[in-house]
Structures are given as C-alpha cells and as structure tokens.
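Notes for the structure review
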Amino acid sequence: MTDAPSSTSPTVAVIGAGPAGLMAAERLAQADLRVVVHEQMPSVARKFLMAGRGGLNLTHSEPLEPFLNRYDAPARARISGWLDVFSPADLIAWAEGLGQATFVGSSGRVFPKAMKASPLLRAWLARLEGLGVEVRTRSRWTGWKANSENGALSFDTPEGERLERPDAVVLALGGASWARLGSDAAWVPTLEEADAFVAPFRPANVGFDVDWSALFRDRFAGRPLKGVALSHAGRTVRGEAMIAAYGIEGGGVYALSADLREAVARDGSAELTLDLRPEISRQALTQKLLRPRGKDSLSNWLRKAAHLDPLAIALLREAGPLPTEPGPLAARIKGVSLTLIGVQGLTRAISSAGGVSLDAVDEHLMLKTRPGAFLAGEMLDWEAPTGGYLLQASFASGVVAARGAADWLKAR
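Reading guide: rules and limits
- Residues numbered from 1 in each chain as written.
- Predicted model: local features only at pLDDT ≥ 70, side-chain atom pairs only at ≥ 80, totals over all residues.
- Heavy atoms only, no water.
- Salt bridge = Lys/Arg side-chain N within 4 Å of Asp/Glu carboxyl O.
- Helix = DSSP H or I, 4+ residues; strand = E, 2+ residues; numbered from the N terminus.
- Expected span 1.5 Å × (residues − 1).
- Buried < 20%, exposed > 50% of the residue type's maximum accessible area, 1.4 Å probe, protein only.
- Pairing = 2+ DSSP bridges.
- Contact = heavy atoms within 4.5 Å.
- Axes fitted to C-alpha atoms, helices over the stretch in contact; angles between N-to-C directions.
- Parallel < 35°, antiparallel > 145°, perpendicular 65-115°, else oblique.
- Nonpolar A, V, L, I, M, F, W, Y, C, P; charged D, E, K, R; others polar.
- Polar contact = N/O pair within 3.5 Å; in protein donor to acceptor, adjacent residues only side chain to side chain.
- Bend = angle between axes of the 7 residues up to and from the residue.

1. Side note on the pattern of salt bridges
Considering all chains together, one arrives at 15 salt bridges under this definition. Of the charged contacts in the structure, one is a salt bridge between Glu134 and Arg136, with a shortest N-O distance of 2.8 Å. Put simply, Glu134, Arg136, Arg162 and Glu164 are held in one network by salt bridges that share partners.

In structure tokens:
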C-alpha cells in the first residue's frame, strides 16, 4: 500500500466525489499531495451508484477512431487528448487493479463482472483511505470567499461556514441532470463570477415525446423494442429503444439524441425512422411477405412471415393504415417514421450538454482566469451517448486535471 503524503506536502481540495473527482483525488494522492475531498451530499458517488444499478457500463471496446466519433464534434479534439492520458485500456486495468474483473458484452460495452458499481466503489474508497485521502461529506462549496486572504474556499457544513486555503483545487461538480443525486449546477453563478463562460445546460441522453394513440400507450408503455435500427438526418445506429408513456427512450435513441434535440429546438419536431428488421434487406423481406396469408389474422401472419412481435406490429399501425401489397408493407417495416414533438427535461435526462466552455480552461484543464483551479467531468461543456463514453471521459478528465494540478504545484 502506498504511504500517505507527508504533513509538509501541498494540499489540494477536490470538490465533488463523483468519478472525475475521486479519480483526481487518487492521482493527486499518488503524487504525494495531501487531498481533501468535499462532497455536498451525505455520501459519495451517488450518481455513479445509480448508473450501476442496471449494469455498470465502464467503457467500450471499439477502436479509437469510432470511439472518438461518439463525442460531440466541438469537444472531440480535447477529449482525444484526455484519452491519450487515460485510455479505455487504462480504465479496464484500473478496475481490475481494484479486484473488479471485467468482460466485454455482445455490444462491445465493457462491464465489471459483478455488474454493479458498489463493489468497485468500496474497493476504490478503501484505496483512497490507504492513500491518506480525507473525504468530507455534507460539505457544500459556496465559492471563493470575497475579500479573504488568498481567495479562500468557503464551504457550508453542518457546523456552519468553513474556510479552506488549499494550494490548488480540482472542481468536479457535475452537470445539471439528476439534481437529487447532487448534480444541481448550483455552482454556475460562481464560475460566471470568475469570468468563465458557462454554456446553458440542455438535456442529453434523454427521451422524446411522441403523440401515441391511447390504445398503443396503455398497452405498450414500458415495453422494449429490441434489435432495431434507428435513423435521423442520414445517420443510422443499431440498438434498443423503450416505449414510454410520453414517447420513446433507450440507448438507440440516446445515440441520436443530440441531433434530435437540436432538430426539435430548431423545427419544433424531428423525424425518427425505425427499421424493425435491419438484418434483412427490403427485397428479401418482400419475398417473405409473398407467403399466402391463408386463414391467419394479419397480426399472426406478420408474426410468422416477418418475425414481428405484437409491439412491432402495433407500431406499424401507429404510422397509419397498413399497406396490403408486399412491397409497400416491407417498406413500412423497414422504415416506420415517428414524429418527435418534444424533449424530456433535465430532470429525466441521464446526462447534460453545456457547462464551462473548454475555451475557458487550458490543456491541463486549469481555469484561465483562476490559476490553481482545475476542472473535470460533466461540469465541462462536452457531450456523449451512453455506452461507456460518458464514464470514460469523466474518469480521463479527472486524471488530466490531477496531473495538471500536480505539475502546476511542482512548478511553483
């Protein structure tokens, strides 16, 4: 076990105990710096634990070029630099170093074999304790104390206001989704007062409103659409979707959500096209639909001839009367068009777009207007779909910020 830093080592405050903050704390402590983590919630990493409830998707196994293309274009070059410092392979090695073996799922996503966040988090916190990292919960950062010596950090604690004067600070305060888990964006005015441009937050990895018929909504809300292809504006992804009472959500939708969100904002609606049988060509499907129907009901015939389940068949009907000829019917199955008429808000979003502009920080993630203050995680303005990309960049940014802080302190 690594020895704890000496009492004469510089001190770094890490504010925010999510993946980016805890990763920064670990790297700083390994650099022989004293680290105090401040978390406003009663316990750490609440959003991380929530993400792990359905299987903790740490990263993705695909090659680097398509991996990078998952990130929004304005941030892609910066994130490429983060992944040079802490790659998907590094993240897998890190998790396995904590005793959490990983595996690659059929979709290429990487998970811990335990399929939960809690075992990994317990091992991680034990490592941080061994490194001498102090964690203070219920410690809400309220900004830099006005007119105080050396710009002290002010914290609201159960005992009242507390001032701290660390040698450097890493801010990993999260975005604006899941406010009840700590990502409430209450820090925005403080960063704006520090002359950092903060782009407005917008929901990311979020569902969209569809005007379902009452019959369809009541019968199929909560049911998954598996193995479909989803298309918008010339881009197609394979994945799953989930029918919701308000509309549609799920991983396949999230992969397109940034463009869909902008289309709804710009035009008032967006068209999403679903291919219900992406593994077969339209021509081959037409041949299957030439099969005589006999005494079968239409639904039963579609189940047998086109291998469609009741949800897929109902979705075909939502788009209007079903064509009777095999060719047009195959075209409908290969291209069901949904009109998305609204976007769910930040309270229902998995993540958020917006945050502190990447132009406001240098290559080491130090705030240009506040030397010694480094930023990491979702509070920065970048966006990615689910599938391991969010966590990978959050972890990597924590490593970059920690390295920047350590180098900055060393240079002083």
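2. With respect to helix H15 (residues 389–411)
In this model, H15 (23 residues) spans 33 Å end to end at C-alpha, consistent with the 33 Å of a helix rising 1.5 Å per residue. A large share of H15 lies buried, amounting to 18 of its 23 residues.

3. A look at the sheet that holds strand E12 (residues 208–209)
The sheet built from 7 strands is open, its strands ordered E17-E16-E13-E14-E15-E12-E18 with antiparallel pairing. Of all strands in the sheet, those with a lone pairing partner are strand E17 (336–340) and strand E18 (342–343), marking the two edges. Helix-sheet contacts for helix H10 (residues 257–267) involve E12, strand E13 (224–232), strand E14 (235–243), strand E16 (270–275), E17 and E18, and the interaxial angle to E16 is about 145 degrees.

4. Description of the pairing of strand E5 (residues 109–112)
The pairing of strand E3 (residues 59–60) with E5 spans 2 bridges and is classified as antiparallel. Among the inter-strand pairings, His60 is bridged to a residue of E5, identified as Arg109. Between strand E4 (residues 102–104) and E5, which pair antiparallel one after the other, the connecting turn spans 4 residues, and Gly108 there sits at a positive phi close to 90 degrees.

5. A short note on the packing of helix H4 (residues 73–85) against H15
Two quantities define a packed helix pair, namely the angle between the axes and the distance from one axis to the other. Viewed as axis vectors pointing N to C, H4 and H15 meet at an angle of 75 degrees, and their least axial separation amounts to 8 Å. Taken together, the axis directions place H4 and H15 in an arrangement best described as roughly perpendicular. For the pair H4 and H15, the contacting residues are Ile79, Trp82, Leu83 and Val85 in the first and Gln392, Ala393, Ala396, Ser397, Val399, Val400 and Arg403 in the second. Per-class residue counts for the contact of H4 with H15 are 8 nonpolar, 2 polar and 1 charged.

6. Observations regarding the sheet that holds E4
Reading across the sheet, the 3 strands line up as E3-E5-E4 and stay open at both edges, with antiparallel pairing between neighbours. Because the sheet does not close on itself, it has two edges, and the strands there are E3 and E4.

7. Focus on the side chain of Ser351
Relative to the elements of secondary structure, Ser351 occurs in strand E19 (residues 351–356). Overall, Ser351 belongs to the buried group, its relative accessible area being 1%. Among the polar contacts made by the side chain of Ser351, one reaches the side chain of Asn205 at a distance of 2.9 Å. Residues in contact with Ser351, not counting those within four places in the same chain, are Lys47, Ser177, Arg202, Pro203, Ala204, Asn205, Glu378, Ala384 and Leu390.

8. Concerning H4
Remark: the principal bend of H4, roughly 30 degrees, maps to Ile79. The set of residues buried in H4 consists of Ala75, Ile79, Trp82 and Leu83. In this structure, the buried residues of H4 make contact with helix H3 (64–68) and H15.

9. Regarding the pairing of strand E2 (residues 34–39)
Counting buried positions over the 6 residues of E2 gives 5, a clear majority of the element. Examined bridge by bridge, strand E1 (residues 11–15) and E2 share 5 bridges and lie parallel to one another. From the neighbouring strand, Thr11 faces E2, where its bridge partner is Arg34. Both E2 and strand E6 (residues 134–137) contribute to a ladder of 4 bridges, which runs parallel. For Val36, the partnering residue across the bridge sits in E6 and is Glu134.

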